[in-house]
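Fold and geometry: a report
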Amino acid sequence: AQRVTQPEKLLSVFKGAPVELKCNYSYSGSPELFWYVQYSRQRLQLLLRHISRESIKGFTADLNKGETSFHLKKPFAQEEDSAMYYCALGYNNNDMRFGAGTRLTVKP
Amino acid sequence: GAVVSQHPSRVICKSGTSVKIECRSLDFQATTMFWYRQFPKKSLMLMATSNEGSKATYEQGVEKDKFLINHASLTLSTLTVTSAHPEDSSFYICSARGLAGGSYNEQFFGPGTRLTVL
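Residues numbered from 1 in each chain as written. Chains lettered and ligands numbered in written order. Predicted model: local features only at pLDDT ≥ 70, side-chain atom pairs only at ≥ 80, totals over all residues. Heavy atoms only, no water.

Enumeration over the complete set of coordinates arrives at twelve aromatic pairs over all chains. Their ring planes at 80 degrees and their centres at 6.0 Å tell us that Phe98(A) and Phe109(B) sit as a pair that is edge-to-face. One end of the pair, Phe98(A), is in strand E10 (residues 95–98); the other, Phe109(B), is in strand E10 (residues 107–109), on a second chain. Phe109(B) matches Phe98(A) in its accessibility class, with the two residues each being buried. Among the aromatic residues, those joined into a cluster by ring pairs are Phe34(A), Tyr36(A), Tyr86(A), Phe98(A), Phe34(B), Tyr36(B) and Phe109(B). (Phe/Tyr/Trp six-rings, centres within 6.5 Å; stacked < 30°, edge-to-face > 60°. Helix = DSSP H or I, 4+ residues; strand = E, 2+ residues; numbered from the N terminus. Buried < 20%, exposed > 50% of the residue type's maximum accessible area, 1.4 Å probe, protein only.)

Here you go:
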């Protein structure tokens, strides 16, 4: 069965520190992985997807098929990065499974 | 980016009544719309997927007779919670996916609807 695991419900770092939000997935086929972000009082929005291989707001994520992971990283966290982050797995060309989410707090 | 609206943003109703939530794609045609339910401190739970002009596909455990989904046009999908009960109180979020290339198109999310059943 398809599964997305975000082991940390809460993550707190200081401004300027590196941050890594972990995501592991379970899927036997060819996955497409996404990171969505939800800032306070805002709607959920796409942050990045693995096929784009892009860096958005300083965040990057690399798909590691061997470890079935898609961890989200940023070398220097900013206070405005505080938000809820969801890892998502796309499969079967139409379906998507979300992880439980990680609430990131960046302290000044 | 594309905009998805939901109406109403909040609704309070009495137990036993039905509530309709609208999801609209404002500036693009949504071939597929998704309905999610978000529990406090928990993840998004996909309830159903609907393609314009066809019946919705419900996730396992979601009662299709209780959560009626209609996707009559490329810009509008509705979720009707029938005979609502307090346990149906939740945050309902829709997303829409439009016509684009590639195996996956980005989902654009609505702001959500807070349903409270008394």
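What follows picks up the thread again.
As a further point, take the state of the cysteines. Residues and elements named next belong to chain A. Using the criterion set out here, one finds two disulfides over all chains in the structure. Residue Cys23 pairs covalently with Cys87 via a disulfide, S to S 2.0 Å. Judged by the sign of its S-S torsion, about -65 degrees, the cystine formed by Cys23 and Cys87 is left-handed. Of this pair, Cys23 sits in the loop between strand E3 (19–21) and strand E4 (24–26) while Cys87 sits in strand E9 (residues 83–91); the two residues are 64 residues apart in sequence, bridging distant segments of the chain. Comparing Cys23 with Cys87, the two get one shared label, buried. (Disulfide = S-S within 2.5 Å.)

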